[in-house]
Amino acid sequence: MYQSKAYSAASKTSPLAASTIPRRDLTDRDVRIEILFCGICHSDLHAVRDEWNEFMPTVYPIVPGHEIVGRVTEVGSAVTKHKPGDLVGVGCLVDADLTCNECHADLEQFCPNRILTYNDPDKHLGGVTYGGYAESVVVDEHFALRVPPNLDLPGVAPLLCAGITTYSPLRYWGVTKGKKAGVVGLGGLGHVGVKIAHALGAHVVVFTTSPGKKEDALRLGADEVVVSRNSDEMEKHAGSFDFIIDTVSAQHDINSYLSLLARDGNITLVGAPPQPLDVKAFSLIGGRHKLSGSAIGGLRETQEMLDFCGEHNLTADVEVIPIQKVNEAYERLAKSDVKYRFSIDMASLRDE
Ligand code: NAP
Ligand code: ZN
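Residues numbered from 1 in each chain as written. Chains lettered and ligands numbered in written order. Predicted model: local features only at pLDDT ≥ 70, side-chain atom pairs only at ≥ 80, totals over all residues. Heavy atoms only, no water.

Concerning the pattern of salt bridges
Note on pairing: side chains with opposite charge can pair once their charged atoms come close.
Here is step 1: Per the counting criterion, the structure on display carries 19 salt bridges.
Here is step 2: With its nearest N and O atoms 2.7 Å apart, the salt bridge here joins Asp140 to Arg29. One end of the pair, Asp140, is in strand S8 (residues 136-140); the other, Arg29, is in the loop between strand S2 (17-23) and strand S3 (30-40), and 111 residues separate them in sequence.
Here is step 3: For Asp337, the salt bridge goes to Arg332, with nearest N and O atoms at 3.1 Å.
Here is step 4: The class for Asp337 is partly exposed, based on a relative accessible area of 34%.
Here is step 5: Shared partners join several salt bridges into a network, and the residues in it are Asp106, Arg171, Arg300 and Glu304. (Salt bridge = Lys/Arg side-chain N within 4 Å of Asp/Glu carboxyl O. Helix = DSSP H or I, 4+ residues; strand = E, 2+ residues; numbered from the N terminus. Buried < 20%, exposed > 50% of the residue type's maximum accessible area, 1.4 Å probe, protein only.)

Here it is as structure tokens:
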């Protein structure tokens, strides 16, 4: 075991602050990664403030961060996938049994024994896992992904969660050229979703509550932008969508989007508001509409997504911040005021 500098929160009302956390010594299958950048996902905010208490209560102290890019500094004796010096990414998963049906289907995110990057039982050290707002991390090589060399690192970090969470359902539901796809919410997930859906060739429509994001939505790859609080603008798209991905982090009216689906159209929820959403039966039955959900993606598909982003030169639009600005960043994230993901430059942790 060794000590790593990190930022952690001591309770749901405490700010994140400098601390020291234990990391395990390398096992044969592990790689040690010096963390260069870590994105700030809205899930980090939900978890730090214990907003998901009903589903996954937060254990304090918490070290969030599951959008990690870094450089391999050391590998265990049985490691074949990575070597010191390689650029790698780690997302929301750091372990799974790799033997169950879900793992055999390359869907480790649904493995009953999967371990999340933070706030999940740590079978090596006891307690809970600690995430990427830290100097370094040690993970099984299976959970470290190759980063395409042409991509800008601060913008790659968010792909490890926001990228795969949008790529996976867009692919699963066959979004491609000739399809009309909606993206609800232009935040971290939403803006990456727009770029990916555009790269897949779809006609992309962004729904935003922030009129000030209209120009950006078009620049990011949207063909049309709808301010969702304007019912006339919404009405124009009634019955027309093949697919809509909903990335909204707070309670909102899902029925107004269900009515925009074409026959057999589907809405996938990836946003995870703590409160239940009301669904009217008539929003679904009229057009044989589907309401579904999706969680990140498996390791094989996450690598596929990174390679796809490499080919399309696609990264997140980031505001790079030092770790000392993380609490300010959370305040802005809570107000949907991010262009469009914060990426923490982890070199700033050396100043602590
Ligand atoms: P984010 O950057 O805060 O973006 C969320 C966007 O939703 C905001 O920018 C805003 O877009 C819109 N929004 C916020 N509050 C709203 C409200 N009250 N009504 C309507 N729209 C609202 O968050 P994120 O990091 O993209 O994460 C989004 C959600 O996905 C979070 O709940 C997060 O926990 C969840 N998540 C799920 C998975 C998964 O595997 N399923 C993975 C990662 C994250 P506009 O300003 O454009 O309206
Ligand atoms: Zn996330």
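Having seen the model, we can carry on.
Section: the pairing of strand S5 (residues 87-90)
Here is step 1: Here strand S4 (residues 68-75) pairs with S5 via four bridges, running antiparallel. If you follow Gly70 over to S5, its bridge partner there is Val88.
Here is step 2: Relative to strand S9 (residues 145-146), S5 runs antiparallel, the two sharing two bridges. Bridge pairing in S9 places Gly89 opposite Leu145. (Pairing = 2+ DSSP bridges.)

As for the packing of helix H4 (residues 162-172) against helix H10 (residues 299-311)
Here is step 1: Closest axis-to-axis distance for the H4/H10 pair is 10 Å, and the angle between their directions is 100°. Taken together, the axis directions place H4 and H10 in an arrangement best described as roughly perpendicular. Judged by residue contacts, Gly163, Ile164, Tyr167, Ser168 and Arg171 of H4 engage Glu301, Thr302, Glu304, Met305 and Phe308 from H10.
Here is step 2: A per-class count over the contact of H4 with H10 returns four nonpolar, three polar and three charged. (Axes fitted to C-alpha atoms, helices over the stretch in contact; angles between N-to-C directions. Parallel < 35°, antiparallel > 145°, perpendicular 65-115°, else oblique. Contact = heavy atoms within 4.5 Å. Nonpolar A, V, L, I, M, F, W, Y, C, P; charged D, E, K, R; others polar.)

Section: the environment of Asp30
Here is step 1: Checked against the element boundaries, Asp30 lands in strand S3.
Here is step 2: Relative accessible area serves as the criterion here: at 2%, Asp30 is assigned to the buried category.
Here is step 3: With 319 residues separating them along the chain, Asp30 and Leu349 place their C-alpha atoms 23 Å apart.
Here is step 4: Among the polar contacts listed, one links the side chain of Asp30 to the side chain of Arg24, at a separation of 2.9 Å.
Here is step 5: Of note is the side chain of Asp30, whose polar atom sits 3.0 Å from the backbone nitrogen of Thr27. (Polar contact = N/O pair within 3.5 Å; in protein donor to acceptor, adjacent residues only side chain to side chain.)

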